[in-house]
Amino acid sequence: MEVKTIGVVGAGQMGSGIAQVAAQAGYQVVLVDVAEAFLERGLGTIRRSLGKFLEKGRISQEDHDAALARIRTSLDLEALKDTDLVVEAIVEDEGEKRRLFERLGALVKPEAILASNTSSIPITALARYSGRPERFIGMHFFNPVPLMALVEVIRGELTAETTREVVVAVAKRMGKTPLEVQDYPGFVSNRLLMPMINEAIEALREGVATKEAIDGVMRLGMNHPMGPLELADFIGLDTCLAIMEVLHRGFGDDKYRPSPLLRRMVQAGLLGRKTGRGFYTYDEKGNKVG
Ligand SMILES: NC(=O)c1ccc[n+]([C@@H]2O[C@H](COP(=O)([O-])OP(=O)(O)OC[C@H]3O[C@@H](n4cnc5c(N)ncnc54)[C@H](O)[C@@H]3O)[C@@H](O)[C@H]2O)c1
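Since the structure is predicted, the reported quantities are computational estimates derived from the model, not experimental observations. Position labels on residues start from 1 in each chain and follow its written sequence. Side-chain atom pairs in this predicted model are given and counted only at pLDDT of 80 or more, local residue features only at pLDDT of at least 70, and totals for whole chains, interfaces and linings cover all residues. Side-chain calculation: all heavy atoms of the structure are included, whereas hydrogens and water are not.

Visitor: I'd like to hear about the nonpolar core, residue by residue, with values.
Guide: Counting residues in hydrophobic clusters, the biggest one holds 39 residues, and the most contacted among them are I6, L85, M139, F141 and V170. Only runs of H or I of at least four residues qualify as helices and only runs of E of at least two qualify as strands under DSSP, and these elements are numbered from the N terminus. Take this core: its biggest share by element is six residues, from helix α1 (residues 13-24). Whether two residues are in contact is decided by their heavy atoms: any pair within 4.5 Å suffices. Aside from chain neighbours lying at most four places away, what touches I6 is A22, Y27, Q28, V29, V30, T83, L85, V87, V170 and M174. In plain words, nonpolar cores are sets of buried Ala, Val, Leu, Ile, Met, Phe, Trp, Tyr and Cys residues tied together by side-chain atoms within 4.5 Å. Only protein chains enter the accessibility calculation, which uses a 1.4 Å probe. A residue is then buried if its area is under 20% of the maximum for its type, exposed if over 50%, and partly exposed in between.

Visitor: Can you lay out the pairing of strand β5 (residues 113-116) for me, pointing to particular residues and giving the numbers?
Guide: Regular strands place their side chains on alternate faces of the sheet. A two-sided burial pattern is seen for β5, the buried positions comprising I113 and A115 on one face and L114 and S116 on the other. Pairing between strand β4 (residues 85-88) and β5: four bridges, direction parallel. Bridging from a neighbouring strand, V87 pairs with A115 of β5. For the segment spanning β4, helix α4 (residues 94-107) and β5, crossover handedness is right-handed. Two strands qualify as a pair provided that DSSP identifies no fewer than 2 bridges between them. A right-handed crossover is one whose linking path, passing over the helix from the first strand to the second, runs clockwise when the strands point away from the viewer.

Visitor: Quick one: what's the story with the pattern of salt bridges, residue by residue and with numbers?
Guide: When the charged atoms of two side chains with opposite charge come close together, those side chains can pair. The term salt bridge refers to a side-chain nitrogen of Lys or Arg lying within 4 Å of a carboxyl oxygen of Asp or Glu. In total, this model carries 15 salt bridges according to the counting rule given. Here R205 ties to E202 by a salt bridge, and the two come within 2.7 Å at their closest N and O atoms. Placement of the pair is R205 and E202 together in helix α7 (residues 189-205), with a separation of three residues, close to one helical turn. Looking at R205, the relative accessible area reads 42%, which means it is partly exposed. Under the relative-accessibility criterion, E202 is labelled buried at 9%. The network of salt bridges with common partners includes R155, E161, R164 and E180.

Visitor: Let's hear about the packing of α7 against helix α9 (residues 228-235): which residues, and what values?
Guide: Contact geometry for α7 and α9: axes closest at 9 Å, N-to-C directions at 115 degrees. Remark: the crossing between α7 and α9 carries left-handed chirality. Across the interface between the two elements, L193, M194, M196, I197, A200, I201 and L204 of α7 pack against P228, L229, L231, A232 and I235 of α9. Three residue categories are used. Nonpolar comprises Ala, Val, Leu, Ile, Met, Phe, Trp, Tyr, Cys and Pro, charged comprises Asp, Glu, Lys and Arg, and polar comprises the others, including Gly. Taken together, the residues of the contact of α7 with α9 sort by class into twelve nonpolar, no polar and no charged. The convention used is that axes are lines fitted to C-alpha atoms, helices contributing only their stretch in contact, and that angles between N-to-C directions extend from 0 to 180 degrees. Take the far helix as your reference; a near helix turned counterclockwise from it by less than a right angle gives a left-handed crossing, and one turned clockwise gives a right-handed crossing.

Visitor: Could you give an account of the site of the ligand, naming the residues involved and the relevant values?
Guide: By nearness alone, 24 residues border the ligand, and M14, D33, E92, K97 and S119 come closest of all. Nitrogen and oxygen atoms within 3.5 Å of one another constitute a polar contact, given that in protein one can donate a hydrogen and the other can accept it, and given that sequence-neighbouring residues count only through two side-chain atoms. Between the ligand and I235 there is a distance of 3.0 Å, counted from a nitrogen atom to a backbone nitrogen or oxygen. Summarising the interface, the protein chains cover 88% of the accessible area of the ligand, which totals 830 Å² for the free molecule. Counting only elements with at least two residues in the shell around the ligand, the list comes to α1, α2 (36-55), α4 and β6 (136-141). The class makeup of the residues in the shell around the ligand is nine nonpolar, nine polar and six charged. Whether a residue is near a molecule or strand is decided by its heavy atoms; if any one of them lies within 4 Å of it, the residue is near. Residue burial considers only the protein chains on display, and all accessible areas are found by Shrake-Rupley using a 1.4 Å probe.

Visitor: Please provide a residue-by-residue account of the packing of aromatic side chains, values included.
Guide: Two aromatic rings from Phe, Tyr or Trp, using only the six-membered ring of Trp, form a pair when their centres are within 6.5 Å; if the ring planes differ by under 30 degrees the pair is stacked, by over 60 it is edge-to-face, and anything between is tilted. The tally for this structure, following the rule as stated, stands at two aromatic pairs. Judged by centre distance (4.8 Å) and plane angle (75 degrees), the ring pair of F101 and F136 falls under edge-to-face. One end of the pair, F101, is in helix α4; the other, F136, is in strand β6, with 35 residues separating them in the sequence. For the pair formed by F101 and F136, the shared burial category is buried. Definition used: whenever NZ (Lys) or CZ (Arg) falls within 6 Å of the ring centre and also within 35 degrees of the ring normal, the charge is taken to sit over that ring. The positively charged end of R173 is found above the aromatic ring belonging to Y27, 4.0 Å away from the centroid. Above the face of the Y280 ring, K288 is positioned so that its terminal group lies 4.0 Å from the ring centre.

Visitor: Residue-level account of the sheet that holds strand β7 (residues 150-155), with values.
Guide: Overall, mixed pairing links the eight strands, which are arranged β3-β2-β1-β4-β5-β6-β7-β8 in an open sheet. Unpaired on one side and paired on the other, β3 (71-74) and β8 (177-181) mark the two borders of the sheet. Adjacent strand axes in the sheet meet at a mean angle of 25 degrees, parallel and antiparallel pairs treated alike. In the sheet, β5 pairs with β6 via three bridges, with the strands oriented parallel. Among the inter-strand pairings, A115 is bridged to a residue of β6, identified as I137. Where α1 meets the sheet, its contacts fall on β1 (5-9), β2 (28-32), β3, β4 and β6, and the angle it forms with β2 comes to roughly 165 degrees. On the sheet, α4 packs against β1, β4, β5 and β6 and is oriented at approximately 170 degrees with respect to β5.

Now the structure itself:
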């Protein structure tokens, strides 16, 4: 099947990036969210990102304009009816994703492929909710999507080989490198990354070092571009907590127990960059100010 039109559900940090790279790759894009304000924020992110590429001479004015023109937005899932591939990037909550995939499975044309950008929820379970497990797959992008090369491609138990082939080809056309992993909790990326972040939060809670020192150790000593606490803010503390809970439940091993500090911060609404405050504070443009 040739993919021409891609639907993206959720216009947050990830969905807006996925819509952007899809449009830059020449696909027609339909971006859906639950409120106009979220769509506007998503489009704003896309405009800023494309603007930076233009400024740096990485894309021409023509490509910039054409990419923007390929993105249509809607508040109605019905707008996805005729798309060839839908990538879901809504909140990391199995109940929410279940409701969405039950609707998408019934709504989108039968030959279309449904993909989830979930960081940790089992693809096989989401595939079942969709009612089309052969045409369901995990397509896990990384933040910020326009800059990060990797897409983890996760086959569910019943995913068809043709579905995998189509999605690998789409990821490559988006300029990404797809790497295939099995459907185990956290896949590969978050099984390795999240316990490190969680441990950094525990180190902070225990007073082992200041947040700046913890991040500095990993930046200067391990050459990580960002420290784990900065990275947690960047990813979103709610997403980090949800992933740790999936690892904890999925493996039944207390080594994945979410840090109580992480839990408390999420309860307080301190979700990181997207809410202006997490371990650090941020201005409206998301720049770190303290
Ligand atoms: N943040 C990261 O670094 C990262 C990386 C890889 C994957 N992910 C995954 O991507 C997904 C989205 O994460 P994010 O960081 O973009 O979150 P976000 O909070 O920035 O965005 C989520 C968006 O989805 C919208 N939404 C929620 N429910 C919806 C529904 N039923 N229908 C339509 N839109 C709905 C929200 O309004 C919001 O705009 C999650 O599954 C997350 O685990 C996140």
